[in-house]
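Chain residues, written in single-letter form:
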Amino acid sequence: MADKAKTHRVATSDDIEVSTYLEIAKELQGEQFAAPEAISPAKETVAIIDFGSQYSHLIARRVRECHVYCELVPCDAPWERITALQPKGFILSGGPASVYQEGAPLTPLNIYESRLPILGICYGMQVLAHQLGGQVSPGIKREYGQAILHTTDDDSPLFAGLPRSLSVWMSHGDEIVELPPGFKALAHTENSPNAVIGNGKNIFGLQFHPEVVHTPQGKNIIQNFLYQVCGCQGTWTAGNFINESVTNIREQIKGGKVICALSGGVDSAVAATLIHRAIGNQLTCIFVNNGLLRREEPERALNTFRNNLNMNVVYVDATDRFLAQLKEIIDPELKRRRIGEEFIKVFEAEASKLGKVDFLAQGTLYPDVIESTSAETKAAAKIKTHHNVGGLPARMSLKLIEPLRYLFKDEVREVGLSLGLPEDMVMRQPFPGPGLAIRIIGEVTRERLELLRAADWIVMNEIKKAKLYRELWQSFAILTDLRSVGVMGDFRTYGYLVAVRAVTSQDAMTADWARLPYDLLARISNRIVNEVPGVNRVVYDITSKPPSTIEWE
């Protein structure tokens, strides 16, 4: 490979033409491909080519925080899928593979042909170096954790406004031992002489991860790439999203009728409000009481939707139907599928009463899509099925409309506030679609639901009294299937163990356990064992995500 690359070296390497890169890449990859159609630079979008990194979603978060729209696209996605985004640039994510291994994922060659800006991160940097004529080999020293980056190019747009030395986060075992023609090192660390590379034009590679919080000024580097290299203006705002979505929804729905699955949460509320703004009375909202909601939630949700949103809301009490589907079911994935399928059956039954209905609206978010490993994220490992994404029957008669499908939670909240929704609704903590069914370990019964509702009510009450509700991403109780011996008064007890979970997060893709005050935990524990019959022990979950998920099932 290295010998082939050397035959393409040119004297004026700092000004090497893109066509030369492409000849190298085509020869090394051994493929012929057609030149793509011209890409329009009009829409401000960046495509993130996903090689399966655990940090890929964080790249998307940082780009969105810079007010630039982006999407994760699998590295083996059809070129038509990528061009449909009309990207102004590309970011190549990290990944677990080594580029020199047989079958290692590679960047679509059309991306180099596009002549658009490219930023490779970790594996993304190694793959572009490999494809454009450089050489990647196992490193003599692996580099994991914090490192000090020293820049050597004062004119590089990536480092505009930044100091000469930066703290960065490394996570790699391979290294670039020979740069591609026309590239030079722009920064180094103690163990990586080629920690940042560039071609003097618009292709850059970073060996470190700018997307993680452990690289304090990483967002500045990403923003420099977006603004100074790609020419983005930062037009991705809640207001622009609303205007564009309303137009798209009207075009998609036309004269059709939509039913929206309201759950009481912010996601479905924002989705419904957005659709209602677009099509008005063509939307009918269906609130299903599946018997898996928290105490007083059906009453409060109905009051909010009817009084504040001024929408047509059909209320369906389907508690018996859902509990029948969950009888003797203990596997969490099966719980989710049963609940998702029953939801659709209820919606279709209600739709038949409304005459001709064409669409089912859902509040699916981007983390739901990513974690469920839908078609958009084939490179990532499946974590769990979200009922919004993976629990839908193949022969469902209604077409799906999911206006929030590519938004993160904080973006949904911004949109909700811009739509004029009440702040207490918008800032409500997330609640899972399958409800309390996945907060009960083991079989879901009426008795166990009531135990969990009582414990969960106490957790919420004490968290709010301590004025910590807004600081936490989620806080709730879990009813386990464990029982333990206890003593109350002079009597032996054999009661359930309740776990309390409280986490901080920005988007639910990662989360840290909340350091709640001991006195608060003591009050929660004392109230639960005294006020919830059948519970005699309380524990606090101090596990972060990863390695755990936020929910227990």
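Every value quoted in this text rests on a predicted model; they were computed, and no experiment measured them.

S.K.: Quick rundown of the overall build of the protein? Include the residues and the values.
M.R.: For the protein, the count of helices and strands is 18 helices and 18 strands. Here the protein, with 553 residues, has 59% of them falling under the buried criterion. Taking the intrachain contacts of the protein between residues at least 6 apart in sequence as the baseline, contacts between residues at least 24 apart amount to 75%. Surface summary for the protein: the accessible area is close to 23,500 Å², and the carbon and sulfur share equals 49%.

S.K.: Lay out empty space enclosed by the protein with the relevant residues and their values.
M.R.: Under the criterion given, the structure shown has two cavities of 30 Å³ or more. By volume, the second largest cavity is sized at about 40 Å³. Along the walls of the second largest cavity sit Met125, Glu175, Ile176, Ser192, Pro193, Asn194 and Gln207, which together make up its complete lining. Here the lining of the second largest cavity is built from residues that sort into three nonpolar, three polar and one charged.

S.K.: Run through the environment of Tyr315, naming residues and quoting values.
M.R.: Along the chain, Tyr315 turns up in strand β12 (residues 313-317). Judged by its relative accessible area of 35%, Tyr315 is partly exposed. Linking Tyr315 and Phe287, residues 28 residues apart in sequence, is a C-alpha distance of 5.0 Å. Excluding its chain neighbours within four sequence positions, the residues that come into contact with Tyr315 are Phe287, Asn289, Pro298, Leu302 and Arg306. Of note is the side chain of Tyr315, whose polar atom sits 3.1 Å from the side chain of Asn289.

S.K.: Got a sec to walk through the packing of aromatic side chains? Specific residues and values, please.
M.R.: Here the structure, examined in full by the defined rule, presents eight aromatic pairs. Look at Phe322 and Phe343: their rings are 5.2 Å apart centre to centre, the planes differ by 65°, and that puts the pair in the edge-to-face class. On the criterion of sequence distance, the pair formed by Phe322 in helix α11 (residues 319-326) and Phe343 in helix α12 (residues 332-353) is long-range, its members being 21 residues apart. The exposure classification of Phe322 matches that of Phe343, with both residues buried. Relative to Phe408, the ring of Tyr366 has its centre 5.6 Å away and its plane inclined at 65°; by these criteria the two rings are edge-to-face.

S.K.: I'd like a rundown of the confidence of the model for the protein, residues and numbers included.
M.R.: Mean pLDDT over the protein stands at 85; residues scoring 70 or higher make up 87%. Throughout residues 373-393 the model reports pLDDT below 50, and contacts reaching past four residues in sequence, or to other chains, amount to 68 contacts.

S.K.: Account for the sheet that holds strand β13 (residues 359-361), naming residues and giving values.
M.R.: Taken together, five strands build an open sheet; the order of strands is β12-β11-β10-β13-β14 and the sheet is parallel. Of all the strands in the sheet, just β12 and β14 (399-401) have a single pairing partner and so form its edges. Here the average twist between neighbouring strands, direction ignored, is 30°. Here strand β10 (residues 258-262) pairs with strand β11 (residues 283-289) via five bridges, running parallel.

S.K.: Talk me through the packing of α11 against α12; I want residue IDs and the actual numbers.
M.R.: Two elements in contact, α11 and α12, have axes separated by 9 Å at closest approach and are oriented at 150°. For the pair α11 and α12, the crossing hand works out as right-handed. Residue-level contacts link Arg321, Phe322, Gln325 and Leu326 of α11 to Lys335, Arg338, Ile339, Glu342, Phe343, Lys345 and Val346 of α12. In terms of residue class, the contact of α11 with α12 is built from five nonpolar, one polar and five charged.

S.K.: Give me the state of the cysteines: which residues, what numbers.
M.R.: Under the criterion given, the structure shown has zero disulfides. Free cysteine Cys70: the closest other cysteine sulfur is in Cys66, separated by 9.6 Å.

S.K.: Talk me through the packing of helix α8 (residues 238-253) against helix α15 (residues 409-418); I want residue IDs and the actual numbers.
M.R.: In contact at an axis separation of 9 Å, α8 and α15 are set at 75° when each is read in the N-to-C sense. Compared by their axis directions, α8 and α15 come out roughly perpendicular. Along its contact with α8, which presents Ala238, Phe241 and Ile242, the element α15 presents Glu414, Val415 and Ser418. Within the contact of α8 with α15, the residues separate by chemical class into four nonpolar, one polar and one charged.

Calculation notes
- Sequence order sets the numbering: in each chain, residues are counted from 1 along the sequence as written.
- Given that the model is predicted, a residue must reach a pLDDT of at least 70 before its local features are reported, and side-chain atom pairs must reach 80 or more before they are shown or counted; all residues, however, enter totals for whole chains, interfaces and linings.
- Only hydrogens and water are set aside when side-chain values are computed; all heavy atoms of the structure are taken into account.
- Put simply, DSSP H or I for four residues or longer makes a helix, DSSP E for two residues or longer makes a strand, and each gets a number counted from the N terminus.
- Summary of the burial criterion: residues with accessible area below 20% of their type's maximum are buried, those above 50% are exposed, and those between are partly exposed, where the area comes from a 1.4 Å probe applied to protein chains only.
- Residue contacts follow a heavy-atom distance rule, with two residues in contact if any of their heavy atoms lie within 4.5 Å.
- In short, Shrake-Rupley with a 1.4 Å probe defines the accessible areas, and a residue's cover is counted only from the protein chains shown.
- Cavities and pockets are found on a 1 Å grid laid over the protein atoms alone: a cavity is a set of points where a 1.4 Å probe fits but cannot escape, a pocket is an open set with protein on both sides within 12 Å along at least five of seven lines, and a lining residue has an atom within 4 Å of such a point.
- Grid points are joined across faces, edges and corners, and a volume is the space filled by probe spheres set on the points.
- When residue character is reported, Ala, Val, Leu, Ile, Met, Phe, Trp, Tyr, Cys and Pro are called nonpolar, Asp, Glu, Lys and Arg charged, and the others, Gly included, polar.
- Residues adjacent in sequence count toward polar contacts only when both atoms are side-chain atoms; beyond that, a polar contact is any pair of N or O atoms within 3.5 Å, and within protein one must be able to donate a hydrogen and the other to accept it.
- Working definition: a ring pair exists when centres of Phe, Tyr or Trp rings (six-membered ring for Trp) sit within 6.5 Å. Plane angles under 30 degrees give stacked, over 60 give edge-to-face, the rest tilted.
- A residue's pLDDT is simply how confident the predictor is in it, with values from 0 to 100.
- What makes two strands pair is DSSP finding at least two bridges between them.
- Axis geometry follows a simple rule: fit a line to the C-alpha atoms, using only the stretch in contact for helices, then measure angles between N-to-C directions, giving values from 0 to 180 degrees.
- Crossing handedness follows the turn of the near helix against the far one: under a right angle anticlockwise gives a left-handed crossing, and clockwise gives a right-handed one.
- What counts as a disulfide here is a pair of cysteine sulfur atoms lying within 2.5 Å.
- Angle categories are assigned with fixed cut-offs, so that under 35 degrees is roughly parallel, over 145 is roughly antiparallel, 65 to 115 is roughly perpendicular, and the rest are oblique.

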